[in-house]
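Fold and geometry: a report
Here's the letter readout for the chains.
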Amino acid sequence: IRDVIDGPAEEMLICCMRFDLPWLVSECPVMQTMRHITILTGDTHNMPRRILRLESLRRSADDMLASSGATVAVEAVPLPKGTHSTFHPKLILLAYADRIRVCITSANFLYDEWWKKNQTVYVQDFPRKQEDGAELRSSLGEDMEDQLSAFIGATTKADDWCDKIKAFDYSTAIGQIVASVPSVEGNHVCSNKTVVGPSVNRWGHMRLRHLLRHQADPQNMADFSVVCQVSSIGSLDADWIEEFLSSLCSSGSHPQIKADIPWQLVLPTEHEVRTSLEGWPGGSSIKVARESLQIADKADKSERDLPRGALHRWGTHDVDGRQVCEEAAIPYPPGRSSSCPHLKTFLKYGYRS
């Protein structure tokens with residue numbers, strides 16, 4: 001994290017569900033030299049534990065203001081009432097005099113999540129737009145600018161950052177953002193705004209489906225399967241699984257997705273959690289209850305087990321400690337198997353016909 005939040009940044013926007021601000025400042029002392037920091041976190045929903053977290057975060061922000069002089073604003077993002085919605089992005093925007101840095105990660109801003117867990121981090125810098133408008137134009141760049149400003153504008157009150165985002169040139173973007181917003185009864189709710197109709201392709205797995213439909217598969221690729229590696233599962237519904245897998249398998253080469261797509265689910269085992277760097281506490285970020293692995297069928301109001309062979313372990317060792325990936329084409333990174341996963345990855349693979 002100290003390599004991300006670095007340099008002569010003037011302002012920072014940081015969005016996350018959970019913070020340890022004193023630790024973050026000690027890890028990234030450059031924060032004390034910034035002019036302004038905006039911290040966005042989720043609404044408390046009047047839940048005692050979340051209220052305490054928010055109060056603690058605001059006290060830490062006040063302490064930082066007193067010690068460094070940087071202005072720190074903490075905003076609780078409104079969420080739809082009566083739902084299980086959460087504000088769950090992990091996003092950093094750093095504004096420099098000559099560039100903006102975009103960081104999207106799977107880690108909350110806590111010591112254990114950056115030092116003891118497997119996470120993913122995307123970081124890329126983008127220069128300011130030229131005054132004469134001579135910067136290169138690209139569909140990826142325009143999409144990056146649009147998605148960043150739309151997400152900030154739709155979910156938060158940090159509207160000033162929408163203008164800041166548009167001052168930079170994203171033509172060198174190496175990927176496309178797929179963001180989610182809380183939803184109620186199928187309609188995407190963003191603060192006090194409701195997004196319906198064509199905008200459904202702007203968010204979540206429907207945006208992923210839209211993007212993948214414009215990408216062709218390798219020639220003669222067929223017999224697709226999907227691998228989903230996650231750290232949390234709320235509930236599994238048969239109709240939703242079919243919809244989600246269809247999005248993951250979308251392609252310009254195969255506009256019609258077959259039913260019953262084979263899929264595998266990668267999760268750490270009890271043994272892997274117990275013998276991890278953190279021991280049992282490492283399991284606190286792995287939210288998978290036994291009943292979560294039952295697939296609900298709304299049609300007949302029944303539940304069934306996962307498909308046979310769907311569950312796969314996270315690490316490289318069998319339950320008896322024996323190495324099981326010795327012949328892997330890509331060696332497993334040293335020490336990674338002893339860290340609990342908090343990242344989420346999705347893979348589609350197939351065979352040439």
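A brief report on the enclosed structure follows.

Cut-off values and rules
Sequence positions are assigned chain by chain, starting from 1 and proceeding in written order. Where local features are concerned, this predicted model is filtered to residues with pLDDT of at least 70; where side-chain atom pairs are given and counted, the filter is 80 or more; whole-chain, interface and lining totals use all residues. As a rule here, side-chain values come from all non-hydrogen atoms in the structure, and water together with hydrogens is ignored. What counts as a disulfide here is a pair of cysteine sulfur atoms lying within 2.5 Å. Burial classification: accessible surface area is computed with a 1.4 Å probe over protein chains only, and a residue below 20% of its type maximum counts as buried, one above 50% as exposed, and the rest as partly exposed. Two strands make a pair as long as DSSP finds a minimum of two bridges between them. Counting from the N terminus, the helices are DSSP H or I runs at least four residues long and the strands are E runs at least two residues long. Fitted lines through C-alpha atoms serve as axes, helices being fitted only where they are in contact, and the angles separating the N-to-C directions of these axes extend from 0 to 180 degrees. We call two residues in contact whenever any of their non-hydrogen atoms come within 4.5 Å of each other. By definition here, a salt bridge exists when the distance from a side-chain nitrogen of Lys or Arg to a carboxyl oxygen of Asp or Glu is within 4 Å. When the centres of two rings from Phe, Tyr and Trp lie within 6.5 Å, Trp using its six-membered ring, the rings pair. Their planes under 30 degrees apart give stacked, over 60 give edge-to-face, and anything left gives tilted. To estimate how far a helix should extend, the number of its residues minus one is multiplied by 1.5 Å. Regarding the arc, it is the one traced by the directions from the helix axis to the C-beta atoms.

**Some thoughts on the state of the cysteines**
The full count for this structure, using the stated rule, is 0 disulfides. With no disulfide of its own, Cys15 has Cys16 as its nearest cysteine by sulfur position, at a separation of 8.7 Å. Its relative accessible area of 0% is what places Cys15 among the buried residues.

**A look at the sheet that holds strand β18 (residues 345-352)**
Taken together, 4 strands build an open sheet; the order of strands is β16-β13-β11-β18 and the sheet is mixed. In the strand order of this sheet, the two ends are held by β16 (311-313) and β18, each with one partner. Shown here is a sheet whose adjacent strand axes are inclined to one another by a mean of 30 degrees, direction ignored. Two strands pair when backbone bridges link them, and strand β11 (residues 221-229) and β18 are joined in this way by 7 bridges, in the antiparallel orientation. Residue pairing for β18: Ala222 is matched across the bridge by Tyr351. Sitting on the sheet, helix α7 (residues 238-248) touches β11, β13 (263-267) and β18, and the angle it makes with β11 is about 120 degrees.

**Here we look at the pattern of salt bridges**
The full count for this structure, using the stated rule, is 15 salt bridges. Between Arg304 and Asp297 there is a salt bridge, with its nearest N and O atoms 3.7 Å apart. Each of the salt bridges in this network shares a partner with another, and the network as a whole consists of Glu10, Glu11, Arg35, Asp160 and Lys164.

**Details of the packing of aromatic side chains**
Evaluation of the coordinates by the stated rule reveals 8 aromatic pairs. Ring centres of Phe126 and Tyr170 lie 4.8 Å apart, and the angle between their planes is 50 degrees; this geometry places the pair in the tilted category. Residue Phe126 is found in strand β7 (residues 121-127), and its partner Tyr170 is found in the loop between α5 (159-165) and β8 (183-184); the two are separated by 44 residues along the sequence. An identical accessibility class is assigned to Phe126 and Tyr170; each is buried.

**A look at helix α2 (residues 48-68)**
Given 3.6 residues per helical turn, the α-helix brings residues three or four places apart onto the same face. For α2, with 21 residues, the first-to-last C-alpha span of 30 Å sits near the 30 Å given by 1.5 Å per residue. What α2 keeps buried is the set Arg50, Leu54, Leu57, Ser60, Ala61 and Met64. Each buried residue of α2 lies within a common arc of 125 degrees when the element is viewed along its axis, so the set occupies one face. Residues of α2 that are exposed and point more than 90 degrees away from the buried face comprise Pro48, Leu52, Asp63, Ala66 and Ser67. In the core, the buried residues of α2 are packed alongside α1 (21-27), β2 (36-42) and β3 (71-77). With its phi angle positive at about 90 degrees, Gly69 sits one or two positions after the end of α2.

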